[in-house]
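Architecture and fold: a report
Here is what each chain is made of, one letter per residue.
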Amino acid sequence: MDRTGLDLKARLCCMGLFFVWVCVGDQCGVTGVNLQRFTGCAVREFTFMARKPGCEGLQVTTDACWGRCETWEKPVLDPPYIESYQRVCTYNQTQFVTIQLPNCTAGVDPYYTYPVALRCDCGVCVTSTTECITV
């Protein structure tokens, strides 16, 4: 092999070792990503208070979709006078988990079901899974 091939092989090997070092140091997660500059859609831990009338609340930590997706609008000459491309970070694959809320009054169903994000993608806003804002 000529010198150029050896140099390329050495560089690729060093780049691979650097990636493994970065990946192990950060567990290949989004923790090292600047979230203010992040563009895309990812699964991220989310904590909320599960509440239901007649029961005490329970703090729940789950996985939810989080991110920013490419969106643009431009004026056009024909009605509706605007062309838009709007994508939102939304659930692609979910699993539902049911928990039992504490201290429910008699006759109140104590079970509370919520989604856990398994995979998220940028896509068209679907009102059955995502809160969509319209003008």
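We now turn to the structure provided with this report. All of these numbers come straight from a predicted model, not from anything done at the bench.

**Quick notes on the overall build of the protein chain**
Assigned secondary structure in the protein chain consists of one helix and six strands. Secondary structure elements of the protein chain occur, N-terminal to C-terminal, as α-β-β-β-β-β-β. Taken over 135 residues, the protein chain has a buried fraction of 18%. Put simply, of all contacts in the protein chain between residues at least 6 apart along the chain, 54% involve residues at least 24 apart. Accessible area of the protein chain: about 10,600 Å², with a carbon and sulfur share of 57%.

**Overview of the nonpolar core**
Counting eight residues, the largest nonpolar core consists of Phe48, Ala50, Cys55, Val60, Ile99, Leu101, Tyr114 and Val116. Among the secondary structure elements, those contributing two or more residues to this core are β1 (40–50) and β6 (111–123). Leave out the neighbours within four places in its chain, and Ile99 touches Ala50, Leu58, Val60, Pro110, Tyr111, Tyr112 and Tyr114.

**Structural notes on the packing of aromatic side chains**
Per the stated rule, a full pass over the model turns up five aromatic pairs. Pairing Phe48 with Tyr114 gives two aromatic rings, centres 5.6 Å apart and planes at 75 degrees, and the pair type is edge-to-face. Of this pair, Phe48 sits in strand β1 while Tyr114 sits in strand β6, and the two are 66 residues apart along the sequence. Using a relative accessible area of 9% as the deciding quantity, one classes Tyr114 as buried. Joined through ring pairs, the aromatic side chains of Phe46, Phe48, Tyr112 and Tyr114 make up one cluster. Lying over the aromatic face of Trp66, Arg44 brings its terminal NZ or CZ to 4.8 Å of the ring centre. Lying across the ring of Tyr85, Arg87 places its NZ or CZ 4.3 Å from the centre.

What counts and how
Per chain, residues are indexed from 1 in the order of the written sequence. Restriction of local features to residues with pLDDT of at least 70 applies here, the model being predicted, together with a cutoff of 80 or more for giving and counting side-chain atom pairs; totals for whole chains, interfaces and linings are based on all residues. Calculated side-chain values reflect all of the structure's heavy atoms, with hydrogen atoms and water omitted. Put simply, DSSP marks the helices as runs of H or I at least four residues long and the strands as runs of E at least two long, and each gets a number from the N terminus on. For the exposure calls, accessible area comes from a 1.4 Å probe over protein chains only, and a residue counts as buried if that area is under 20% of its type's maximum, exposed if over 50%, partly exposed in between. Here, residues are in contact when the closest pair of their heavy atoms is within 4.5 Å. Here the Shrake-Rupley method, with its probe set to 1.4 Å, supplies the accessible areas, and only the displayed protein chains count as covering residues. Here, nonpolar core refers to any group of buried Ala, Val, Leu, Ile, Met, Phe, Trp, Tyr and Cys residues whose side-chain atoms link them within 4.5 Å. Two aromatic rings, drawn from Phe, Tyr or Trp (for Trp, its six-membered ring), form a pair once their centres lie within 6.5 Å of each other, and the interplanar angle then sorts them: stacked below 30 degrees, edge-to-face above 60, tilted otherwise. A ring is scored as having a charge over it whenever the NZ atom of a lysine or the CZ atom of an arginine sits within 6 Å of its centre and within 35 degrees of its normal.

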